[in-house]
Amino acid sequence: MAELHQTPTTLCCCRKALPVSGGVGDSSRPSGGPSGSPSLACCPLVDVASASNFGCFQLRHFHLDLRLNFAVKEMSGWLVLDLVPVQPGVQTLILDSHPSLLIHAIDCKVPGSGQDEPVSLTYRVDPFTDYGSSLNISLPAAAVKPGRLIHITVRYTTTDGPAIWWLDSELTCGQSRPLVFTQGHSVCNRSFFPCFDTPAVKSTYTATVRVPDGVTVLMSASRSSYSKHDRVFQFSMEFPVPSYLVALVAGDLQHIDVGPRSRVWAEPCLLSCAVKKLGGSVERWLGMAEELFGTYLWGRCDIVFLPPSFPIVAMENPCLTFIIASILESSEFLLIDVIHEIAHGWFGNAVTNATWEEMWLSEGLATYAQRRITTEAYSEAFTCLETVFRLDALHRQLRLLGDNNPVSKLQVKFEPGVNPSTLMNLFTYEKGFCFVSYLSQLCGDVKRFDCFLRDYISEFKFKSVVAQDLIDYFLGYFPELKDAAVGQREGLEFDRWLNGSGPPPYEPDLSAGGALVQPVQELCELWGGSKPPDLQAVSTFDLSTWSTFQTVLFLDRMLDHSPLAHDVMVSLSGCYSALFDGLNAEVQIRWLQMVVRNTFYPDMPQVRAFLHKHTSRMYTVPLYEDLVAGVMKCVAVEIFYETQRRLHPNLRRTLQQILFQTSTSVTNQNGPALSLIPPSPSTSPSPSPQPPQPASGTTAAAMALRDVNVSA
């Protein structure tokens, strides 16, 4: 595997000049560093996570025609790519693929050439990394000319690939019919269809999906239709998107409209609960976002709630956000999750990071936008409380890793072989958020910065960008800041922000949340001693009136103090155990982590009950890891054997590896559990593991990346 290298000292890495293909911004723009730092020579953008030769072609459109077979858990059909070569002498088309894709035939047709029948093409599949392969297609020299459109058709069948999750009926919420969904982020969709699997390439797409009777299909598309007689769904995405944002779900799904451009989809048994939780809020949040950042570009803003087997918390598929149903328990976390995904409609979906090394361009900006929306829709105090909660988790992770760990950089350079999904961590979100907040502070007026972001979206919409694009546009928008050389301020240099490891050089003022945060800190101080506190003093804090974010902040900070004295745990349990048991899962899992880390046997029945009830990765993995790290491994094994039939096979394998310390490779391994909204610190690491040490060998360095991933 690959070793991490230091990124260049100038802001813009020479590997990130703008590509020929895929809607990345104007390649004539300079790639020099900010405020007069030297320019670098332009060269084609390289995405080391893609095996494809996407720079040789313009992808105008693609079409999928698929038949879903639930009995054998396969999708079969064909893909048609509308390609225009942009370089002379191109003889090979290289697409990202996956060993789980069975390629049957490939042919080529040139419109307007007088060619009646497609020409069959030869191809071969080569290894690339452990998360994909390369599909090399030989093109007919006479047909391939720069600027001439060609149609490439690939006939294939999916098997057990990491993008496609087949759920037997017992793994769905209703437990009556099977369901299938796809999850493409970051580099999984190459096992859904052969593609240029890089965020640098965007195109429109259409799809035809044939299904058995009684199955409803949804896709991340702006238009759809259904022929009941043929049981065929048709989809059209009229706006260009990268491959990872193409998503599909099919099963027993129903909907209720919750606004003029949004509806909630779910299994029938979940639908009324989901609608009740969201009410008319989606349209309100969309309206707030439009006031801040400009018109919502995607038309529809629908939400589908998926069973607990969904491997992450939420995914911002355009027009159709995927969210795990487990989060419905917590209204505040649900609110944040949905607003974050709405924010991606501008930051991440409309304007996208061109490589996975700069994920912060999507996640950091979306987190900033999410907090601007919550400030306007609710209050600055609420937003500051949620931010304190997240930044606490960021510093907790830094204490585990050490300030010099390279994954704490905003721009993490990696080599072929390292799965980009392993770089999803809190730095992507929270350090990125702090940098965007710093840019806002530089311009002196948050409303003025809102205008900048609105114009940034207008300038780069439906394109993919690198960090230099954002920096150049910012300094051009505020020429007085460029003249003041703000990018070179000592200790706050833009280069340090992007290429320096460690904590954010600047954090925003969160004092507006003081009235909500201060009681939490005072209660933590009461319980932080070696002896139980005075119960009369404790009684002045009524946790039943606290918000969820206050309660989880309290529990996270108490987890930082664990293990506690036994008498303190006894008193804590006596005061709060019954209360926490009646609250949502975000509160419960933190309390139960305290129970496990403090080996507090009287409350162990609650741990057992929780793991019998919850079968999602976000609520099982942290508790199993804590059980195994302590002296309760036998309890964990017993619970696992009692519940394994209700766990998705991928989660089952993950838990087996935790319980039995196995490293057996699996067929459908979707990588580490990651969160595409800011990862929940319920998965905060236990105090026993040591921080990964910098590695000199390539394998050890790659493993360090995996070890520090924040699970969700």
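Criteria and cut-off values
The residue numbering used here restarts from 1 in each chain and proceeds along that chain's sequence as written. The predicted nature of this model means local features are confined to residues of pLDDT at least 70 and side-chain atom pairs, given and counted, to a pLDDT of 80 or more, with totals for whole chains, interfaces and linings taken over all residues. Each side-chain value is worked out from all heavy atoms of the structure, with water and hydrogens disregarded. A strand pair is defined by DSSP finding two or more bridges across the two strands. Each helix is a run of H or I in the DSSP string that is no shorter than four residues. Each strand is a run of E no shorter than two, and both are numbered from the N terminus. Geometry is summarised by axes, namely lines fitted to C-alpha atoms with helices restricted to the contacting stretch, and by angles between N-to-C directions that run from 0 to 180 degrees. Any two residues having at least one pair of non-hydrogen atoms within 4.5 Å are treated as being in contact. We call two directions roughly parallel when the angle between them is under 35 degrees, roughly antiparallel when it is over 145, roughly perpendicular when it lies between 65 and 115, and oblique otherwise. Put simply, a crossing is left-handed when the front helix is turned counterclockwise from the back one by less than a right angle, and right-handed when it is turned clockwise. Pairing of aromatic side chains requires ring centres within 6.5 Å, counting the rings of Phe and Tyr and the six-membered ring of Trp. Pairs whose planes differ by under 30 degrees are stacked, by over 60 edge-to-face, and all others tilted. Relative accessibility decides the category of a residue: with a 1.4 Å probe and only protein chains considered, values under 20% of the type maximum give buried, values over 50% give exposed, and everything between is partly exposed. Two conditions define a charge sitting above a ring: the NZ of Lys or the CZ of Arg must be within 6 Å of the ring centre, and it must be within 35 degrees of the ring normal. One speaks of a salt bridge when a side-chain nitrogen belonging to Lys or Arg is within 4 Å of a carboxyl oxygen belonging to Asp or Glu. As used here, the term nonpolar core means buried Ala, Val, Leu, Ile, Met, Phe, Trp, Tyr and Cys residues forming a set that is joined through side-chain atoms within 4.5 Å. Think of a 1 Å grid over the protein atoms and nothing else: a 1.4 Å probe that fits but is trapped marks a cavity, an open set flanked by protein within 12 Å on at least five of seven lines marks a pocket, and residues with an atom within 4 Å of a point count as lining. Grid points are joined across faces, edges and corners, and a volume is the space filled by probe spheres set on the points. In this classification, the charged set is Asp, Glu, Lys and Arg, the nonpolar set is Ala, Val, Leu, Ile, Met, Phe, Trp, Tyr, Cys and Pro, and all remaining amino acids, among them Gly, are polar. Here a polar contact means two N or O atoms within 3.5 Å. Within protein one must be a hydrogen donor candidate and the other an acceptor candidate, and residues neighboring in sequence count only if both atoms are side-chain atoms.

## Concerning the sheet that holds strand S10 (residues 179-182)
If you walk across this open sheet you meet the four strands as S9-S10-S15-S12, and the pairing is antiparallel. In the strand order of this sheet, the two ends are held by strand S9 (164-167) and strand S12 (216-219), each with one partner. With direction set aside, neighbouring strand axes in the sheet form an average angle of 10 degrees. Bridging between S12 and strand S15 (residues 248-251) involves four bridges; their strand directions are antiparallel. Note on S15: the bridge partner recorded for Thr216 is Gly251.

## Here we look at the sheet that holds strand S18 (residues 302-306)
Read from one edge of the open sheet, five strands run S16-S17-S18-S20-S19, paired in mixed fashion. Of all strands in the sheet, those bounded by a partner on one side alone are strand S16 (254-259) and strand S19 (314-315). Of the strand pairs in this sheet, S18 and strand S20 (residues 320-324) are connected by five bridges, and their pairing is parallel. The residue bridging Phe305 from the neighbouring strand is Ile323, located in S20. Its contacts with the sheet place helix H1 (residues 268-278) against S16, strand S17 (262-266) and S18, and it is angled at close to 145 degrees to S17.

## A closer look at the packing of helix H16 (residues 604-613) against helix H18 (residues 633-643)
Viewed as axis vectors pointing N to C, H16 and H18 meet at an angle of 30 degrees, and their least axial separation amounts to 10 Å. On the basis of their axis angle, the class for H16 and H18 is roughly parallel. When you trace H16 past H18, the crossing you get is right-handed. Where H16 abuts H18, its residues Met604, Arg608, Leu611 and His612 lie against Val635, Glu638, Ile639, Glu642 and Thr643.

## A word on the packing of aromatic side chains
This structure, assessed with the given rule, holds 51 aromatic pairs. Summarising the aromatic geometry, the rings of Phe128 and Tyr131 are spaced 6.4 Å apart at their centres and angled 85 degrees between planes, so their arrangement reads as edge-to-face. Given a relative accessible area of 28%, Phe128 falls into the partly exposed group. An aromatic cluster of at least three residues, connected via ring pairs, comprises Tyr368, Phe433, Phe449, Phe452, Tyr456, Phe460, Tyr473, Phe474, Tyr477 and Phe478. Looking at Arg155, its charged tip hangs above the ring of Trp78, at a distance of 5.2 Å from the centre. Over the ring of Tyr378 we find Arg284; its NZ or CZ atom is 5.0 Å from the centre of that ring.

## Comments concerning the pattern of salt bridges
When their charged atoms lie close together, side chains carrying opposite charge are able to pair. Evaluation of the coordinates by the stated rule reveals 26 salt bridges. Residues Glu430 and Arg371 are paired through a salt bridge, measuring 2.9 Å at the closest nitrogen-oxygen approach. Of this pair, Glu430 sits in helix H6 (residues 426-443) while Arg371 sits in helix H4 (residues 360-377), and the two are 59 residues apart along the sequence. Assigned by exposure class, Glu430 and Arg371 land together as buried. Ionic pairing is found between Arg448 and Glu480, a salt bridge with its closest N-O pair at 2.7 Å.

## Points about the nonpolar core
Counting residues in hydrophobic clusters, the biggest one holds 239 residues, and the most contacted among them are Leu68, Ile152, Phe305, Phe554 and Leu572. In this structure Leu68 touches Glu74, Met75, Trp166, Val180, Val209, Arg210, Val211, Pro212, Leu248 and Ala250, once residues within four positions along its chain are discounted.

## Here's the deal with the layout of surface pockets
By volume, the second largest pocket is sized at about 460 Å³. Around the second largest pocket, the lining comprises 19 residues; the ones closest to its centre are Tyr368, Arg372, Glu380, Val446 and Pro508. Residues of the lining of the second largest pocket, tallied by class, amount to seven nonpolar, seven polar and five charged.

## Regarding the side chain of Thr172
Topologically, Thr172 is positioned in the loop between S9 and S10. At 2.9 Å, the side chain of Thr172 forms a polar contact with the backbone nitrogen of Gln175. What Thr172 contacts, discounting residues up to four positions off in sequence, is Leu167, Arg177, Pro178, Leu179, Glu267 and Pro307.

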